[in-house]
Amino acid sequence: MEEFLTFEQRVQDDQWRGRGVRIHPTAIIQGPSLIGDNARIGAGVYVGPYSVIGPNCVLSRDASVSRSTVMPGVYVGEGLALSDSILLSDRLFHVRLRTCIPIADSLLVSSV
């Protein structure tokens, strides 16, 4: 829990960003959301309410994350839309559907 205390920016009442975060000007960040250290948010990305982006993650162009957690060091591919999910580098847990989906396509999801 102490790692959350190192966040250098509380952008708004419901948005927190870590050190070294790079966000493209066309990205939309809606709170409550938390973006970890050294994360990169690409052009046209949407990070929606109740989302956590782990440290060292990369969200590629036009990706969307809503009510989801992206674990540390995960690459989210171009145009991928996540909702109600927990994303690891090799599998997706959909919380509402109670399903685990293995992901073999490194263009969609992989380790950074």
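Scroll up a little and you will see the structure.
Residues numbered from 1 in each chain as written. Predicted model: local features only at pLDDT ≥ 70, side-chain atom pairs only at ≥ 80, totals over all residues. Heavy atoms only, no water.

Caption draft 1: The arrangement of the sheet that holds strand S7 (residues 46-47) in detail. The four strands are arranged S4-S7-S10-S13 in an open sheet whose pairing can be described as parallel. At either margin of the open sheet sits one strand with a lone partner, and together these are strand S4 (28-29) and strand S13 (81-83). Sheet analysis places S7 next to strand S10 (residues 64-66), joined by two bridges and oriented parallel. In the sheet register, Val47 faces S10, and the bridge partner there is Val65. (Pairing = 2+ DSSP bridges. Helix = DSSP H or I, 4+ residues; strand = E, 2+ residues; numbered from the N terminus.)

Caption draft 2: Representation of the side chain of Gln15 in the model. Counting through the fold element by element, Gln15 comes out in strand S2 (residues 15-17). Using a relative accessible area of 4% as the deciding quantity, one classes Gln15 as buried. A polar atom in the side chain of Gln15 sits 3.3 Å from the side chain of Arg17. At 3.1 Å, the side chain of Gln15 and the backbone oxygen of Ile29 are in polar contact. (Buried < 20%, exposed > 50% of the residue type's maximum accessible area, 1.4 Å probe, protein only. Polar contact = N/O pair within 3.5 Å; in protein donor to acceptor, adjacent residues only side chain to side chain.)

Coordinates in, geometry out; function isn't part of it.
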